[in-house]
There are 2 protein chains.
Amino acid sequence: MAKKLAAVAGMKRAALVAAGKVKADVVLKNASYLDVFSAELRTGDIAICGRQIAGIGDYEGETEYDFTGKVVTPGLIDAHVHIESTQLSPEEFASLAVPRGTTLVIADPHEIVNVCSLEGAEYIRRAAGRTPLEVKLMLPSCVPATPFETSGANLNSADTARALTGTRFFGLGEMMNYPAVAAGDEEVLAKLLAAKHADKIIDGHAPTMSGKALNAYCVSGARTDHECATAAEAEEKVMRGMYVLLREGSASHDLTNLVPAVNDKNFRRFALCTDDRHADDLAREGHMDHVLRTAVKAGIKGELAVVMCTLNAAECYGIKEKGAVAPGYDADLAVFDDLEHFNCTAVFKRGKCVAENGKKLFSDRGSVPVAVKNTVRVAPVTPDKFTIKLKGSRARVIGLRRNTLVTQKLVEEVESRDGDVCLEGSDLLRLAVVERHFASGRMGLGLVKGYGLKGGAAATTVSHDSHNIIVIGDNKEDMAAAVEELKNIGGGMTLVRGGKAQSVPLDIAGLMSSAPAAKHVELSAKLYEAAREAGVYEGIEPFMTLSFLALAVIPELRLTDRGLFDVNDFCITSLDAE
Amino acid sequence: MAKKLAAVAGMKRAALVAAGKVKADVVLKNASYLDVFSAELRTGDIAICGRQIAGIGDYEGETEYDFTGKVVTPGLIDAHVHIESTQLSPEEFASLAVPRGTTLVIADPHEIVNVCSLEGAEYIRRAAGRTPLEVKLMLPSCVPATPFETSGANLNSADTARALTGTRFFGLGEMMNYPAVAAGDEEVLAKLLAAKHADKIIDGHAPTMSGKALNAYCVSGARTDHECATAAEAEEKVMRGMYVLLREGSASHDLTNLVPAVNDKNFRRFALCTDDRHADDLAREGHMDHVLRTAVKAGIKGELAVVMCTLNAAECYGIKEKGAVAPGYDADLAVFDDLEHFNCTAVFKRGKCVAENGKKLFSDRGSVPVAVKNTVRVAPVTPDKFTIKLKGSRARVIGLRRNTLVTQKLVEEVESRDGDVCLEGSDLLRLAVVERHFASGRMGLGLVKGYGLKGGAAATTVSHDSHNIIVIGDNKEDMAAAVEELKNIGGGMTLVRGGKAQSVPLDIAGLMSSAPAAKHVELSAKLYEAAREAGVYEGIEPFMTLSFLALAVIPELRLTDRGLFDVNDFCITSLDAE
């Protein structure tokens with residue numbers, strides 16, 4: 001009852017502030033603001049009462065900001081992001097994203113849940129909760145991504161239904177097993193149905209899907225897609241009822257290609273996202289401000305780009321109180337120099353100024369809970385474990401290609417000596433995926449061509465999507481030492497040469513660093529340089545390429561802890577070739 | 001568990017139908033269809049599985065319809081309607097609306113709830129549930145409309161909060177007490193808060209509201225408005241975050257005036273509605289098909305008009321599964337000759353063909369429950385009760401004006417004789433509002449100028465919003481007989497001349513007829529003619545004008561069962577003038 005009375009009193013105060021009968025808490029003065037409903041710049045004071053926008057017009061406030069010459073927009077929304085891909089803690093991600101104008105992200109904690117199960121998602125929720133960055137969490141739908149690998153968690157349809165009750169999860173994360181949907185796989189459909197029954201949105205992930213298969217995917221409930229590569233693909237998906245999220249990430253730069261699909265009639269069905277964005281890119285180029293600049297460069301009017309990044313995203317995800325500068329909406333606001341360069345002057349979250357001139361005005365960092373620490377659990381690994389015994393002289397080899405994550409399925413002549421391959425003088429390296437969740441000792445072994453490392457080993461605990469340890473090298477001793485180093489530092493990336501390790505710790509689930517962003521970016525840059533010096537070819541990202549060599553859903557040949565995986569045939573295959 | 005398995009099986013079948021692996025139940029062939037996401041006509045078979053659209057492309061079905069040359073659109077949505085205003089039962093309303101292409105209405109049962117409380121809403125829900133017309137019910141927010149009248153029900157904020165839990169009501173109906181919102185009235189705000197807490201939409205009603213008062217109204221949660229009279233008003237409301245419903249009713253023809261407010265950027269924020277539409281107009285001109293024709297005549301492209309009437313309405317009300325021809329959406333479809341004349345060839349509701357060539361293919365009529373019958377409860381009324389005793393010779397008189405519902409507050413010289421007014425030879429008539437819910441015997445008396453009736457009395461149980469009996473006449477005997485007649489027929493409209501009554505029964509709550517639509521339209525037309533013959537002036541709607549003389553929120557002078565009401569001063573006033 002007391003709570004109800006307080007709520008009525010709060011509403012009354014907001015109404016009286018709006019009506020001009022009571023002074024506002026905060027007023028933003030002398031700026032223009034973006035009316036997202038008409039995609040027009042307009043003028044008027046913006047009066048804030050508590051966490052809401054109360055009115056627009058001529059207002060006085062307890063605190064007044066003079067934003068002469070600036071443009072106020074709704075806080076920016078990243079419609080789809082994996083925070084883990086930044087390799088930063090949620091607090092550090094917020095410290096980079098919020099001062100750039102981002103106030104809300106739809107985050108799929110797919111990576112950390114593959115390591116730490118739902119406790120990983122809970123960690124992100126709590127850590128982000130200490131910052132002004134609002135994070136709506138999607139429940140990962142594909143844990144593990146395939147049955148051909150060992151992840152730290154396994155969420156079946158019953159777990160999914162359970163987790164989707166209540167408010168912990170905002171929706172079901174990208175359903176990557178799109179072939180199973182079109183094939184009518186009941187376990188996969190049961191997950192989608194659980195989301196429908198919970199009245200929650202389902203994110204899609206349907207690269208190149210088209211025609212009847214796309215119809216099947218849509219009828220099953222997927223309502224967004226961020227994997228379009230061409231304008232025609234985007235147009236078809238919009239036509240079939242999907243929201244298309246134009247992606248501008250660190251590795252995937254789809255936005256510019258997709259701009260021709262956007263027109264006056266259908267633009268409400270597009271939002272913007274980063275999906276995966278690295279810490280250094282965030283620090284150097286920015287977050288959604290960078291995506292907006294990219295959109296404007298690609299020919300989208302600044303006003304429309306912001307509408308995509310605010311109202312459209314809010315509508316897509318059914319978030320009624322976000323995405324507009326209008327009375328009754330949450331006072332999540334970004335203040336920019338203009339809608340071309342998007343230099344961010346100030347950011348307000350729920351009525352509070354949380355960043356000014358690129359500097360955050362918050363400093364809440366919590367400790368990292370045990371549940372996501374010390375997640376590297378490996379059985380002892382000695383150099384001989386990396387021995388590769390072939391039956392003959394021909395082996396299946398993962399062929400790297402420059403500037404793409406797609407690999408080639410090669411068959412190469414490989415010399416052997418004393419019951420092990422002998423790779424000296426070739427462009428081949430050993431690759432291993434070491435199960436690291438249950439210390440089972442399980443390892444998959446393979447061969448890679450085209451990486452370029454000499455005299456050492458590189459390893460990381462970031463290896464999609466199960467995040468076992470993946471290690472590559474030209475000698476078994478350094479490979480064993482690299483695994484040992486990752487175990488000792490609780491996960492991360494390492495380069496070992498002659499037994500000496502240079503590392504970047506990713507002590508949160510083996511995926512993210514608890515260090516400040518600047519420190520992490522610096523260490524990463526140095527490690528990158530060292531890897532180049534050690535011979536990793538240009539056109540190959542030393543650690544990111546490695547991270548994706550375990551992802552069993554990108555063609556053609558991959559390695560998991562269960563062995564070499566032929567993505568085209570979708571089965572485990574042998575190193576020995578005919 | 002069995003239910004869950006069945007649901008998964010259903011989803012699987014839909015996916016396989018979409019994928020082209022299983023035959024569809026129904027396929028619409030050879031038509032073009034409206035892609036509402038791009039407002040473009042496209043081609044492709046529409047495959048239906050159960051109640052959903054499964055896919056668009058090249059499909060085969062158990063049943064196939066050849067719609068060569070036709071255009072398939074989503075089923076039309078009336079975004080705001082009072083079904084009671086048709087004076088038809090929900091079944092008969094559906095029988096006129098569905099064959100015209102309407103498959104969903106957002107209905108505010110404000111009239112019947114003022115008579116029968118929530119049982120009135122329940123009646124509408126059940127009656128509509130027997131038809132293919134889907135009715136989303138809003139909970140009336142203003143029962144009674146003012147404290148200055150006696151209605152059959154009283155819903156305070158606690159009742160409102162209770163009624164809004166669960167799924168019975170889809171949202172809170174139009175908040176007409178907009179001045180109270182801007183003034184911070186706590187009881188009114190508590191109703192709005194109850195809707196917010198229940199996560200339900202709030203319909204607005206804010207004629208001419210602007211500036212800070214509009215801000216206050218919006219911050220309190222109202223998200224739609226159907227009362228705009230000018231394009232500028234509509235633009236301001238859209239700017240402040242409201243959806244504007246372009247109204248084309250029987251009495252209010254706002255749509256054409258508002259079209260200049262609509263542009264490519266903001267058109268997503270407009271939907272279409274009828275608000276109040278009479279049976280004869282429905283039968284003669286149509287329902288939303290007529291609104292669409294009107295929109296096209298006013299210059300809106302047919303494709304865009306349909307988008308307003310489908311996707312926009314669905315988005316406005318957060319109805320995710322409606323408003324598009326796309327896989328996963330409900331198979332609510334209308335088939336038209338073209339998007340200019342909107343001649344309706346066929347209508348599908350949840351995959352079933354429910355109307356063809358203007359003929360309904362359903363015939364479900366239920367009995368009318370006791371709760372909404374026999375609602376006319378009046379104490380005996382004898383002619384002497386209509387005696388008007390003035391203190392002097394000057395009286396306040398309700399002055400009718402032609403072609404508007406706004407009245408004038410007149411002061412006239414009135415002759416009296418034997419303790420009663422003597423109106424012979426003047427243009428004045430007696431008016432009375434007789435409380436009819438509790439047989440309290442309470443009556444309000446007044447004088448009207450400009451109605452024109454000679455030698456009789458006209459009366460109706462439809463009198464906004466409390467729906468007491470309102471009776472007008474030049475002799476007390478016919479007035480008493482008219483009240484008696486309405487009591488005997490359970491409510492309706494009647495014209496009594498020399499003791500002889502001609503009536504139209506409105507036996508459902510005194511508001512709606514249980515007769516077939518054609519019969520009701522015929523009776524109503526005859527009564528209308530009779531009223532004209534009895535002298536009612538051109539420019540005055542014999543019964544509708546009467547119905548609105550009790551509505552205490554339209555300027556300037558009204559009559560309730562509690563007496564003469566001065567709308568400008570918002571208080572009861574005296575018949576005696578200075």
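Residues numbered from 1 in each chain as written. Chains lettered and ligands numbered in written order. Predicted model: local features only at pLDDT ≥ 70, side-chain atom pairs only at ≥ 80, totals over all residues. Heavy atoms only, no water.

Student: How do you make sense of the pattern of salt bridges when you look at a structure like this?
Tutor: Opposite charge on two side chains allows them to pair when their charged atoms are near. Taken as a whole and judged by the stated rule, the model has 80 salt bridges over all chains. Close ionic contact of Glu315(A) with Arg269(B) constitutes a salt bridge, the shortest N to O distance being 3.3 Å. Taken together, the residues span two chains, with Glu315(A) in helix H13 (residues 302–316) and Arg269(B) in the loop between helix H10 (255–258) and strand S15 (270–273). Residue Glu315(A) is classed as buried on the basis of its relative accessible area of 19%. Among the ionic pairs, Lys409(A) bridges to Asp566(A), the shortest N-O distance being 2.8 Å. Residue Lys409(A) is found in strand S21 (residues 408–413), and its partner Asp566(A) is found in strand S31 (residues 563–566); the two are separated by 157 residues along the sequence. (Salt bridge = Lys/Arg side-chain N within 4 Å of Asp/Glu carboxyl O. Helix = DSSP H or I, 4+ residues; strand = E, 2+ residues; numbered from the N terminus. Buried < 20%, exposed > 50% of the residue type's maximum accessible area, 1.4 Å probe, protein only.)

Student: Could you clarify how one ought to interpret the nonpolar core in this entry?
Tutor: Note that soluble globular proteins tend to have their nonpolar side chains buried in a common cluster. Core analysis: the biggest nonpolar cluster contains 351 residues, and Leu28(A), Ile112(A), Tyr451(A), Leu28(B), Ile112(B) and Tyr451(B) have the highest contact counts within it. Other than its neighbours up to four places away in sequence, Tyr451(A) contacts Leu400(A), Leu429(A), Ala458(A), Ile472(A), Gly535(A), Val536(A), Tyr537(A), Ile540(A), Pro542(A) and Leu546(A). (Core = buried A, V, L, I, M, F, W, Y, C linked by side-chain atoms within 4.5 Å. Contact = heavy atoms within 4.5 Å.)

Student: Looking at this structure, I do not really get the pairing of strand S16 (residues 333–336) of chain B. What am I missing?
Tutor: Two faces, one strand: in a regular strand the side chains alternate between the faces of the sheet. All names here are of chain B. Along S16, one buried face is formed by Leu333 and Val335 and the opposite face, lined by Ala334 and Phe336, is buried too. With four bridges connecting them, strand S7 (residues 71–74) and S16 associate as antiparallel partners. Pairing of valine 71 across the sheet is with phenylalanine 336, part of S16. In this structure, S16 lies alongside strand S17 (residues 344–349), joined through four bridges in antiparallel fashion. Opposite alanine 334, over in S17, you have valine 347 as the bridge partner. (Pairing = 2+ DSSP bridges.)

Student: When you look at the relation of the copies chain B and chain A in this model, what are you seeing that I'm missing?
Tutor: Both copies of the chain are related by one operation, a rotation about an axis with a shift along it. Once turned by 180° and shifted 0.0 Å along the axis, chain B lies on chain A with an RMSD of 0.1 Å. In symmetry terms, the pair is related by a two-fold rotation axis. Residues of chain B ranked by C-alpha distance from the rotation axis are headed by Asp264(B), positioned 3.1 Å from it. Both copies present the same face, since 100% of the interface residues in chain B are matched by interface residues at the equivalent positions in chain A. (Least-squares fit on C-alpha atoms with pLDDT ≥ 70 in both.)

Student: Can you walk me through helix H8 (residues 211–219) of chain B in this structure?
Tutor: Each α-helix turn comprises 3.6 residues. Residues three or four places apart therefore point the same way. Along H8(B), the residues that are buried comprise Leu214(B), Asn215(B), Ala216(B), Tyr217(B), Cys218(B) and Val219(B). Among the residues trailing H8(B), Gly221(B) stands out with phi positive, at a value near 115°.

Student: Sorry, what's going on with the packing of aromatic side chains here?
Tutor: Both the distance between ring centres and the angle between the ring planes are used here to describe each pair of aromatic rings. All names here are of chain A. Counted under the stated rule, the structure contains 18 aromatic pairs over all chains. Between the aromatic rings of tyrosine 65 and phenylalanine 348, the centroid separation amounts to 5.0 Å while the plane-to-plane angle is 90°, which identifies the pairing as edge-to-face. Linking tyrosine 65 in strand S6 (residues 61–66) with phenylalanine 348 in strand S17 (residues 344–349), this pair joins segments that are 283 residues apart in sequence. The class of tyrosine 65 is partly exposed, set by a relative accessible area of 21%. (Phe/Tyr/Trp six-rings, centres within 6.5 Å; stacked < 30°, edge-to-face > 60°.)

Student: What am I meant to see in the pairing of strand S24 (residues 428–434) of chain B here?
Tutor: Residue and element names in this part refer to chain B. Counted residue by residue, S24 has seven buried out of seven residues, so it is predominantly covered. Burial along S24 is two-sided: the residues Leu428, Arg430, Ala432 and Val434 and Leu429, Leu431 and Val433 are all buried. Relative to strand S25 (residues 443–449), S24 runs antiparallel, the two being bridged by seven bridges. Within the sheet, the bridge partner assigned to leucine 429 lies in S25 and is valine 448. Where S24 lies against strand S27 (residues 469–473), five bridges are found, and the strand directions are antiparallel. By the bridge assignment for S27, leucine 431 is matched with isoleucine 472.

Student: Would you mind going over the sheet that holds strand S32 (residues 571–573) of chain B with me for this structure?
Tutor: Two strands in a sheet stick together by hydrogen bonds in their backbones, pointing the same way (parallel) or opposite ways (antiparallel). Residues and elements named next belong to chain B. One open sheet accounts for three strands, arranged S30-S31-S32; its pairing is antiparallel. Across the chains shown, the open sheet's two edge strands, defined by having one partner strand only, are strand S30 (557–560) and S32. Direction aside, neighbouring strands of the sheet carry axes that sit 45° apart on average. Where strand S31 (residues 563–566) and S32 come together, three bridges link them in antiparallel fashion. Paired with phenylalanine 565 across the two strands is isoleucine 572, which belongs to S32. (Axes fitted to C-alpha atoms, helices over the stretch in contact; angles between N-to-C directions.)

Student: Whenever I open this one, empty space enclosed by the protein confuses me. Can you help?
Tutor: Empty pockets left among the atoms are what a rolling probe the size of a water molecule brings to light. For the structure on display, the rule yields eleven cavities of 30 Å³ or more. Computed from the structure, the largest cavity encloses a volume of approximately 60 Å³. A class-by-class count of the residues in the lining of the largest cavity yields four nonpolar, three polar and three charged. (1 Å grid on protein atoms, 1.4 Å probe; cavity = no way out; pocket = protein on both sides within 12 Å on 5 of 7 lines; lining within 4 Å. Points joined across faces, edges and corners; volume = space filled by probe spheres on them. Nonpolar A, V, L, I, M, F, W, Y, C, P; charged D, E, K, R; others polar.)

Student: What am I meant to see in the interface of chain B and chain A here?
Tutor: Many authors give the size of an interface as the accessible area that is lost as the parts come together. Across the boundary between the two partners, chain B contributes 67 residues, which contact 67 residues of chain A. Carbon and sulfur atoms make up 56% of the area that chain B and chain A hide from each other, which totals about 5500 Å². A per-residue breakdown of the area chain B buries against chain A is headed by Met11(B), Lys265(B) and Arg268(B), which together make up 15% of the total. Among the salt bridges present, the one from Asp264(A) reaches Lys265(B), with a minimum N-O distance of 3.4 Å. The tally of links from chain B across to chain A stands at 22 residue pairs in polar contact (both at pLDDT 80 or more). Looking at the side of chain B that touches chain A, the elements with two or more residues in it are helix H1 (2–18), strand S2 (32–35), strand S5 (52–57), helix H6 (178–182), helix H7 (186–197), H8, helix H9 (231–239) and helix H13 (302–316) of chain B. (Buried area = accessible area lost by both parts, 1.4 Å probe. Polar contact = N/O pair within 3.5 Å; in protein donor to acceptor, adjacent residues only side chain to side chain.)

Student: I'm lost on the sheet that holds S6(A) in this one. Help?
Tutor: All names here are of chain A. Taken in spatial order, the four strands of this open sheet run S5-S4-S1-S6, and their pairing is mixed. One side of each edge strand has no neighbouring strand; the edge strands of this open sheet are strand S5 (52–57) and S6. Here the strands of the sheet are splayed against their neighbours by 25° on average, with no regard to which way each runs. When strand S4 (residues 45–49) meets S5, the two strands line up antiparallel, connected through five bridges. From the neighbouring strand, isoleucine 48 faces S5, where its bridge partner is isoleucine 53.

Student: Would you mind going over the environment of Pro99(B) with me for this structure?
Tutor: Residues and elements named next belong to chain B. Among the secondary structure elements, proline 99 is positioned in the loop between helix H2 (90–97) and strand S9 (102–107). The exposure class assigned to proline 99 is buried, which follows from its relative accessible area of 5%. Separated by 56 residues in the primary sequence, proline 99 and threonine 43 place their C-alpha atoms 24 Å from one another. Here proline 99 is in contact with Ala94, Cys344, Val347, Ala355, Gly358, Lys359 and Lys360, once residues within four sequence places are set aside.

Student: Help me understand the side chain of Asp420(B), please; the structure alone is not making it clear to me.
Tutor: All names here are of chain B. As for its placement among the helices and strands, aspartate 420 is situated in strand S23 (residues 420–421). There is a polar contact of 2.9 Å between the side chain of aspartate 420 and the backbone nitrogen of isoleucine 388. In contact with aspartate 420, not counting residues within four places along its chain, are Thr387, Ile388, Glu415, Arg430 and Lys476.

Student: What is the right way to read the environment of Gly101(A) from this model?
Tutor: All names here are of chain A. The topology assignment puts glycine 101 in the loop between helix H2 (90–97) and strand S9 (102–107). Judged by its relative accessible area of 0%, glycine 101 is buried. Each C-alpha atom of the pair glycine 101 and aspartate 289 lies 6.8 Å from the other, and the pair is 188 residues apart in sequence. Discounting residues that sit within four places of it in the chain, glycine 101 has contacts with Gly75, Leu76, Ala334, Phe336, Cys344 and Val347.

Student: I keep staring at the confidence of the model for chain A and nothing clicks. Help me out?
Tutor: A low pLDDT means the predicted coordinates there should not be read in detail. Of the residues in chain A, 100% reach a pLDDT of 70 or more, and the chain-wide mean stands at 96. Interface scoring of the predicted complex returns ipTM 0.94; its pTM is 0.96. (pLDDT = per-residue confidence, 0-100.)

Student: It is not clear to me how the packing of helix H1 (residues 2–18) of chain A against H8(B) should be interpreted in this structure. Could you clarify?
Tutor: For any two helices packed against each other, one specifies the inter-axial angle together with the distance between the axes. One way to put it is that H1(A) packs onto H8(B) with a least axis distance of 7 Å and a crossing angle of 160°. Classified by the interaxial angle, the pair formed by H1(A) and H8(B) is roughly antiparallel. Viewed along their axes, H1(A) and H8(B) form a crossing whose handedness is right-handed. Contact residues: H1(A) offers Ala14(A), Ala15(A) and Ala18(A), while H8(B) offers Lys212(B), Asn215(B), Ala216(B) and Val219(B). Counted by class, the contact of H1(A) with H8(B) contains five nonpolar, one polar and one charged residues. (Parallel < 35°, antiparallel > 145°, perpendicular 65-115°, else oblique. Left-handed = near helix turned anticlockwise from the far one by under 90°.)

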